[in-house]
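Summary of the model geometry
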Amino acid sequence: MNFEGVQYIVSTPSDFNEKQDYPTVIFMHGAGTRGDNLDRVSANPFFEENHILLKKAIIYAPLCDKNTWFDMFESIRHFARFVYEHKNTDQSRLYLVGASMGGYAVWQMLMSDPQLYAGAIPICGGGMYWNAPRIKDLNIWAFHGKKDPTVLCDESVKMVERINKFGGHAKLTILDEYAHNAWTYVYKNSEPFKWLLNCRKEVVSEQGQNAYNSSELFG
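Residues numbered from 1 in each chain as written. Predicted model: local features only at pLDDT ≥ 70, side-chain atom pairs only at ≥ 80, totals over all residues. Heavy atoms only, no water.

Structural notes on the pattern of salt bridges
Summed over the entire model, instances satisfying the criterion amount to 9 salt bridges. One salt bridge in this structure joins glutamate 177 and lysine 147, with 3.3 Å as the shortest N-O distance. Highlighted residues: glutamate 177 in the loop between strand S8 (171–175) and helix H7 (183–188) and lysine 147 in the loop between strand S7 (139–145) and helix H6 (154–165), separated in sequence by 30 residues. Under the relative-accessibility criterion, glutamate 177 is labelled exposed at 64%. (Salt bridge = Lys/Arg side-chain N within 4 Å of Asp/Glu carboxyl O. Helix = DSSP H or I, 4+ residues; strand = E, 2+ residues; numbered from the N terminus. Buried < 20%, exposed > 50% of the residue type's maximum accessible area, 1.4 Å probe, protein only.)

Structure representation (structure tokens):
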């Protein structure tokens, strides 16, 4: 499928009913899946494990056809809004999951549009930790391999510590025996995804968001 130049695949639960809303996940793959072949996304390890997200949620997985997600970041932001506004998306339960390069994308997508998301699982990624207080109210469970030589574990440590320093409740699981492939642990472990599906946020209507739009009354 294609949305404004972003190629993507969609996975739906086996009992999918087009008249219902579902928890929805945007999955951001790592650098190893980049390219112009959409089949590489469906072959990603995320889809190889028969985990609970594949059974319970709609999953949108875009393809990075540039060098990094940041080279197409505005397109991905528009894509996320498209997913959020889709008729089958439960807007109180839109989630992000991503590993490596996709983990970096998850952190930045959260900071760019925190109002969209109910929770996220960034794996072996990192971000602009000085801006992390912006997402202190979000549900975040990060994972990182302690022996990671590609993206140092300290990248996740800095993000989570900064969020929590400002009153957040982000979690970090450091996997002592893993290097950069921390995603292999996460994708086979049901607990992170069960936790994610229990995360919800309050949905504010567009009318509610615009309730204070009088400059004479509200500045």
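Focus on the confidence of the model for the protein chain
Confidence along the protein chain averages 94 in pLDDT terms, with 93% of residues attaining 70 or more. Contacts of residues 206–215 to residues separated by more than four positions or lying in other chains number 5 contacts, the stretch itself having pLDDT below 50. (pLDDT = per-residue confidence, 0-100. Contact = heavy atoms within 4.5 Å.)

Some words on the packing of helix H5 (residues 101–112) against H6
Each pair of packed helices can be described by the angle between their axes along with the distance between the axes. Closest axis-to-axis distance for the H5/H6 pair is 12 Å, and the angle between their directions is 20 degrees. The pairing of H5 with H6 is recorded here as roughly parallel in orientation. Like other packed secondary-structure pairs, H5 and H6 cross with a definite hand, here left-handed. Counted together, Tyr104, Trp107 and Met111 of H5 and Glu155, Met159, Val160 and Ile163 of H6 form the full contact between these two elements. Taken together, the residues of the contact of H5 with H6 break down into 6 nonpolar, no polar and 1 charged. (Axes fitted to C-alpha atoms, helices over the stretch in contact; angles between N-to-C directions. Parallel < 35°, antiparallel > 145°, perpendicular 65-115°, else oblique. Left-handed = near helix turned anticlockwise from the far one by under 90°. Nonpolar A, V, L, I, M, F, W, Y, C, P; charged D, E, K, R; others polar.)

Things to note about helix H4 (residues 73–84)
Compared with the 16 Å implied by 1.5 Å per residue over 12 residues, the 16 Å span of H4 between its first and last C-alpha is a close match. Within H4, burial applies to Phe73, Ile76, Phe79, Ala80, Val83 and Tyr84. Buried residues along H4 cover an arc of 140 degrees about the axis, so they all sit on one side. Among the structural elements, strand S1 (2–3), strand S2 (6–11), strand S3 (22–28), strand S4 (58–62), strand S5 (89–99) and H5 are those in contact with the buried residues of H4. (Expected span 1.5 Å × (residues − 1). Arc of directions from axis to C-beta.)

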